[in-house]
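Single-letter residue listing:
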Amino acid sequence: MSGFDLLIKNGTVANASDVARCDVGIRGGRVVALAEDLGTDASEVIDAAGLYVLPGGIDSHVHLSQPSGPGIVMADDFASGTRSAAIGGNTLVLPFCLQQKGQSLREALNAYHALAEGNCHVDVSFHLIVSDPTESVLGQELPALIDDGYTSFKVFMTYEDLRLTDLEILKVMEVARQTGALVMIHAENYDAIRFLTERLEREGRTAPRHHATSRPIAVEREATHRAISLAQITDVPLMVVHVSNGEALDEIRRGRRAGLKILSETCPQYLTLTADDLDGLNMEGAKYVCSPPPRDVASQKECWQGIEDGAFDVFSSDHCPFRYDDAAGKLTPRGRTSFRWIPNGIPGIAARLPILFSEGVVKGRISLQRFVALTSTNHARIYGLHPRKGTIAIGSDADIALWDPARRLTLTHDLLHDGCDYTPYEGMQITGWPVMTLVRGQIVMREGEMVGTRPLGGYVSRGFSEYVGGPKGPAPLG
Ligand code: DUC
Ligand code: ZN
Ligand code: ZN
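Just so it is clear, the model here is predicted, and its values are computed rather than measured.

Some details on the overall build of the protein
Then step 1. When helices and strands are counted, the protein shows twelve helices and 20 strands.
Then step 2. Here the C-alpha radius of gyration of the protein, 22 Å, is about what a compact globule of 478 residues would show, namely 23 Å.
Then step 3. In terms of principal-axis extent, the alpha carbons of the protein reach across some 70 × 55 × 40 Å.
Then step 4. In the protein, the proportion of contacts linking residues at least 24 apart, taken out of those at least 6 apart, comes to 77%.
Then step 5. Here the protein displays about 17,700 Å² of accessible surface, and carbon together with sulfur accounts for 49% of that area.
Then step 6. Side chains of the protein give 46 positive and 59 negative charges; the mean places of these two sets differ by 3 Å.

Focus: the coordination of the zinc ion (ligand 2)
Tetrahedral coordination by four donors puts the ideal angle at the metal at 109.5 degrees, and octahedral coordination by six puts it at 90 or 180 degrees.
Then step 1. On the protein side, the zinc ion (ligand 2) has Lys-154 (NZ), His-186 (ND1) and His-242 (NE2) as donor atoms, found 2.1 to 2.2 Å from it.
Then step 2. Here the zinc ion (ligand 3) and the zinc ion (ligand 2) are spaced 4.3 Å from one another. Highlighted residues: Lys-154 in strand β12 (residues 152-156) and His-242 in the loop between β14 (238-240) and α8 (246-257), separated in sequence by 88 residues.
Then step 3. Exposure remark for Lys-154: the relative accessible area of 2% places this residue in the buried category.

Some thoughts on the coordination of the zinc ion (ligand 3)
Then step 1. Every protein donor of the zinc ion (ligand 3) is listed here as His-61 (NE2), His-63 (NE2) and Asp-318 (OD), and their distances to the metal cover 2.0 Å.
Then step 2. Spacing between the donor residues of the zinc ion (ligand 3) along their common chain follows H-x1-H-x254-D.
Then step 3. Residue classification places His-63 among the buried positions, given a relative accessible area of 4%.

Considering empty space enclosed by the protein
Then step 1. With the rule as written, the count across this model stands at two cavities of 30 Å³ or more.
Then step 2. As a volume, the largest cavity reaches approximately 40 Å³.
Then step 3. If you go around the largest cavity, the residues you meet are Leu-54, Pro-55, Gly-57, Gly-89, Leu-353, Phe-371, Val-372, Thr-375, Ser-376, Ala-401 and Trp-403.
Then step 4. Those elements that place two or more of their residues in the lining of the largest cavity are β7 (52-55), α12 (368-382) and β17 (400-410).
Then step 5. Among the elements that take part in the lining of the largest cavity, α12 stands out by supplying four residues, more than any other.
Then step 6. Tallied by class, the residues present in the lining of the largest cavity amount to seven nonpolar, four polar and no charged.

Brief notes about the nonpolar core
Then step 1. Phe-153, Leu-238, Ile-307, Leu-356 and Phe-371 are the most contacted members of the largest nonpolar core, which totals 105 residues.
Then step 2. Here this core spans two domains, since at least three of its residues come from each of domain 1 (4-54 + 391-450) and domain 2 (56-361).
Then step 3. Residues in contact with Phe-153, not counting those within four places in the same chain, are Leu-128, Val-130, Leu-142, Ile-146, Val-172, Ala-176, Ala-181, Leu-182, Val-183 and Met-184.
Then step 4. Among the nonpolar cores identified, the runner-up in size contains 20 residues, and Leu-94, Leu-182, Val-241 and Val-468 belong to it.

Considering the domain arrangement of the protein
Then step 1. The domains assigned to the protein are domain 1 (4-54 + 391-450) and domain 2 (56-361).
Then step 2. Taking only C-alpha atoms, the centre of domain 1 and the centre of domain 2 are 28 Å apart.
Then step 3. Taken together, the contact pairs 34 residues of domain 1 with 40 residues of domain 2.
Then step 4. Among the ionic pairs, Arg-323 bridges to Asp-421, the shortest N-O distance being 3.9 Å.
Then step 5. Here domain 1 is connected to domain 2 by twelve residue pairs in polar contact (both at pLDDT 80 or more).
Then step 6. Breaking the side of domain 1 that touches domain 2 down by element, the ones donating at least two residues are β7, β17, β18 (429-439), β19 (442-446) and β20 (449-450).
Then step 7. No other element matches β18, which puts nine residues into the side of domain 1 that touches domain 2.
Then step 8. Looking at the side of domain 1 that touches domain 2, its residues break down into 22 nonpolar, seven polar and five charged.

So, how was this worked out
- Residues numbered from 1 in each chain as written.
- Chains lettered and ligands numbered in written order.
- Predicted model: local features only at pLDDT ≥ 70, side-chain atom pairs only at ≥ 80, totals over all residues.
- Heavy atoms only, no water.
- Helix = DSSP H or I, 4+ residues; strand = E, 2+ residues; numbered from the N terminus.
- Rg over C-alpha atoms; globule rule 2.2 N^0.38 Å.
- Contact = heavy atoms within 4.5 Å.
- Areas by Shrake-Rupley, 256 points an atom, 1.4 Å probe, with all protein chains shown as cover.
- Lys, Arg positive; Asp, Glu negative; His and termini not counted.
- Charge placed at Lys NZ, Arg CZ, Asp CG, Glu CD.
- Donors = N, O, S within 2.8 Å, 3.2 Å for Na, K, Ca; no water.
- Buried < 20%, exposed > 50% of the residue type's maximum accessible area, 1.4 Å probe, protein only.
- 1 Å grid on protein atoms, 1.4 Å probe; cavity = no way out; pocket = protein on both sides within 12 Å on 5 of 7 lines; lining within 4 Å.
- Points joined across faces, edges and corners; volume = space filled by probe spheres on them.
- Nonpolar A, V, L, I, M, F, W, Y, C, P; charged D, E, K, R; others polar.
- Core = buried A, V, L, I, M, F, W, Y, C linked by side-chain atoms within 4.5 Å.
- Domains from an automatic or database assignment.
- Salt bridge = Lys/Arg side-chain N within 4 Å of Asp/Glu carboxyl O.
- Polar contact = N/O pair within 3.5 Å; in protein donor to acceptor, adjacent residues only side chain to side chain.

Take a look at the structure:
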């Protein structure tokens, strides 16, 4: 009998803490040995000379098969979304399970599990979206689900059917404090967006570009400030997702200086796109409609600064795919009447890691370790998956991506294998590419092609976030 199921030899192993030239021995889906030379006694040996051996990417912000309103269909289900994730060097994704108004969380989860079951090419775990915080949701359902391993949930400060009032957000945060869950927030001011949208429509300024005009930086900055204040009042940690600019980031920095546990996320679109991308002939700009919208070059620089100096904890894709040339996607007939009806969101699940590697590591903005922290380890720690996930260590799942740091290519949609019909990053010059993805020791992607006959990914229940530290009881008054 051979010693290992699989040996990865001669590679450069990088964790968030350190980089070493060493072999990785895998047995039973887990890492069981790390040493300079582990010999060759294995059922299969992979020669990783010249390659980086990294913890598989964890994308903690993706949307798959999410109900998106009448007549609109998301471009990726669990099969295509997780396939694309594997192509891009990811081994686990965290999509959102959306509670629709009037629906119980449990009902939403059962339906979501049924969609995922047997269809995932990488591991999955779910955040909840709480849109209807009734007494029974707050008093019974949410606490029970948090106990069951759904230890994070997102709330929205905007969107007609999703937004919570400040009072509701406070109540939800109080539940998070008592149960140990992590609250994620979409911070944009609903009333301000509505006011600006109505004015733009009155003026006939309805093209995709005006999606960005209707959501200026002040809309996000104000909501970020308010969300942090609400988290302070209830004494809970808070994750501010998809931060797009320096003013919102300054609110986060200010909160942290005041001793608050504020975590933050940014995404590829805020490093690489601007509001000018929403211009374009006819409806082309719809391809870039997402919220918050991409800003300007100065904001990109401010986001890079946050990536470099540690202000951002995680880099996620916010993969929220809608086909472009499709009446159930970006070209919905109503979208031609006003930007307000264009489905919100852009794809990025496979492009996320190559973009940060190429623009960040290769261009010398961040170290390889920081890349691993931002794309894998911090996600695992923040969302209760560490050390099982997010690191190459003895006992951890063998979730690994092999990277060719010298591979150069032009990003095109056909490389990404998602269910969309475009990528917003078409034509980007990329250096560094994932050439193999292993989920729990099984090769699922090799050289841009899926391997194996059936999807191997499974559902993963989570513990508490390292940054929350478990249930706290009611916040002390005054
Ligand atoms: N928020 C997201 O997190 N994703 C897409 C759309 C949105 O508003
Ligand atoms: Zn959001
Ligand atoms: Zn999102």
